[in-house]
Amino acid sequence: MGVLVAGVIVGAVARAVGREAGAQRAADLAAVAAGKVMHESYGRLFEPALLDGQPNPRHLEKAAYLALGRARAVAVVRANGFSDVAVTFPDAATIAPVRVRVLVKENVRVGRHSARVAAVAEAELGPTDLTGFAEGGGYSGPLAYRQGKPMRPDVALTFDRMQAAARADGVSLLITSAYRSDAEQAVLWARHPDPKWVARPGTSLHRYGTELDLGPPSAYAWLESNAERFHFIRRYAWEPWHFGYALNQQSRPAKASGGVAAAPGDGSAGFARGSVPGFVPARFAPILTRAAQRWNVSATLLAAQIYAESTFNPFARSPAGALGIAQFMPGTAKAMGLDDPFDAQQAIDAQAHLMRDLLRRFGSVPLALAAYNAGPGAVAACGCIPNIPETRGYVARILGLMNGAGVPLVAGNALAVRLVR
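Let me sum up the structure you'll find in this document. In every chain, residue numbers begin from 1 and rise along the written sequence. Owing to the predicted nature of the model, reporting of local features is limited to residues with pLDDT of at least 70; listing and counting of side-chain atom pairs is limited to 80 or more, with chain, interface and lining totals taken over all residues. The side-chain quantities take in all heavy atoms of the structure and omit both hydrogens and water.

**Focus: the sheet that holds strand β12 (residues 232-234)**
Between any two strands, pairing holds if DSSP finds at least two bridges. Under the DSSP-based scheme used, a helix requires at least four consecutive residues in state H or I and a strand at least two consecutive residues in state E, with every element numbered from the N terminus. Taken in spatial order, the 4 strands make up an open sheet running β10-β11-β13-β12, and their pairing is antiparallel. Single-partner strands in this sheet number two, and they are β10 (174-177) and β12. In this sheet, adjacent strand axes meet at a mean angle of 45° when their direction is disregarded. Looking at chain direction, β12 and strand β13 (residues 242-245) are connected through 3 bridges and run antiparallel. Looking across to β13, one finds that Arg234 is bridged to Phe243. The axes are straight lines fitted to the C-alpha atoms, using for helices just the contacting stretch, and the angles between their N-to-C directions are given from 0 to 180°.

This is the structure in structure tokens:
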């Protein structure tokens, strides 16, 4: 009898252990599935709510975005034989949540008693590591970064010389676009399928890593007079911003009958050029533009960063002690010569200065953003975006905002879903 009772108990315990393993598997699968739905819908959070005064069907409110993730998680848990499930979003208070947590519970009978089985899984929609290597376009090879934009290393070195000459003449050059893979061009084409403004995937010269869209408009005259000295040629008469590096046999405009260049638009004429995205309050637009030009940092990057930091509140204070529109910690503000973090003009200029330094040091937008949030030491220690939930979410949100402003998430700026718990 004792042996029989012991066998019954052992069997019950084994069933409980088996259900616990099943619950963990269900939670893991549900978290990843929810993360994938969030990944698919993430860009829609940053689409404008209105287009020409009418509701934009591409726009997705945060509540609807979270509801999609929750519904997918619950469906996966139930498909795996469990019904008691709770889905939460640890960073739900942010403008664009990137983490989902799934808790699966069940009561399992063990003899005369019951055991509570619980399993938790958490998935993250986070930035991938930047490889610094181009593929999926007309150029495959290493990339160099200037102002956070990728290009062939020889193009970058030549741009440095041209930029130095422009600066000596009192002209600031701003890079608004550079290398784009065919995948990135496909995103632009899907948004604006008009060959007058956007090249079809596989046809844009930007795929060769030789093309630069330059600004601001005040620099066009200088570029027209001086760019050829550095082997940069203006590609099209109707695009005063588009210059290509001529020392490359592949990057040539197509010719129509009669020998006239007939290539379509470069794919970025429909977006802000040397200006700022539409979500920037009007009173901050000129401040951002001046800072971007002074420090040669993308205005879209600075704008997205401020939106994520403070939603353009000059008097913001974080629980950690960060101050002002750009959320400077007091020590960092002092190091950057920022006397008053609550002075928006000073703070944005200091932000652009710091981002310029971080972009030069780390060579990519995601790593520079991570260093701004977590500190340069944390990024330098691993050569990556540190495994800090706040930092990884911060980078993902800013890349998402940039995506909504016309800088698609591709290559090293892409996001991916992974289990983190």
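**Describing the pattern of salt bridges**
Criterion for a salt bridge: a side-chain nitrogen of Lys or Arg within 4 Å of a carboxyl oxygen of Asp or Glu. Under the counting rule described, the total for this entry stands at 15 salt bridges. For Glu122, the salt bridge identified is with Arg99, shortest N-O distance 2.7 Å. Of the two residues, Glu122 is situated in strand β5 (residues 113-127) and Arg99 in strand β4 (residues 99-110); the sequence distance between them amounts to 23 residues. Using a 1.4 Å probe on the protein chains alone, a residue whose accessible area is under 20% of its type maximum counts as buried, one over 50% counts as exposed, and one in between counts as partly exposed. Overall, the relative accessible area of 3% leaves Glu122 in the buried class.

**Let's talk about the side chain of Arg356**
With respect to the helices and strands, Arg356 occurs in helix α9 (residues 344-362). Contacts are assigned to residue pairs with any non-hydrogen atoms lying within 4.5 Å of each other. In contact with Arg356, other than residues within four places in its own chain, are Trp295 and Val297.

**Structural notes on the environment of Leu188**
You can see Leu188 is positioned in helix α4 (residues 182-191). For the pair Leu188 and Ala199, spaced 11 residues apart in sequence, the C-alpha separation works out to 8.6 Å.

**Looking at the state of the cysteines**
Note on terminology: disulfide denotes any pair of cysteine sulfur atoms within 2.5 Å. Evaluation of the coordinates by the stated rule reveals 1 disulfide. Residue Cys382 pairs covalently with Cys384 via a disulfide, S to S 2.3 Å. Residues Cys382 and Cys384 are joined through a disulfide that is left-handed, its torsion about the S-S bond being -105°. Judged by its relative accessible area of 39%, Cys382 is partly exposed.

**As for unusual backbone geometry**
Looking along the chain, the bond that leaves Gly215 and enters Pro216 is cis, with omega of -5°. Here Pro216 shows up in the loop between β11 (211-215) and α5 (220-226). One non-glycine residue, Asp52, lies in positive phi territory at about 55°. Its relative accessible area of 83% is what places Asp52 among the exposed residues. Its identity as a non-glycine residue notwithstanding, Thr311 has a phi of 50°, on the positive side. Tracing the backbone shows Thr311 in the loop between α7 (299-310) and α8 (330-335).

**Thoughts on α4**
Among all positions of α4, only Glu184, Gln185, Leu188 and Trp189 are buried. Take α4 and look down its axis: the buried residues cluster within an arc of 140°, on one side only. For this quantity, the arc is that covered by the directions from the helix axis to the C-beta atoms.

**Focus on the packing of aromatic side chains**
We call Phe, Tyr and Trp rings a pair once their centres come within 6.5 Å, taking the six-membered ring for Trp, and we label the pair stacked below 30 degrees between planes, edge-to-face above 60, and tilted otherwise. Using the criterion set out here, one finds 9 aromatic pairs in the structure. Judged by centre distance (5.3 Å) and plane angle (70°), the ring pair of Phe279 and Tyr307 falls under edge-to-face. One end of the pair, Phe279, is in the loop between β13 and α6 (285-295); the other, Tyr307, is in helix α7, and 28 residues separate them in sequence. A residue is classified by how much of its surface remains accessible, and Phe279, at 26% relative accessible area, is partly exposed. Here Tyr307 falls in the partly exposed class, since its relative accessible area comes to 27%. Ring-pair connections join several aromatic residues into one group, and the members of that group are Phe279, Phe284, Tyr307 and Phe312.

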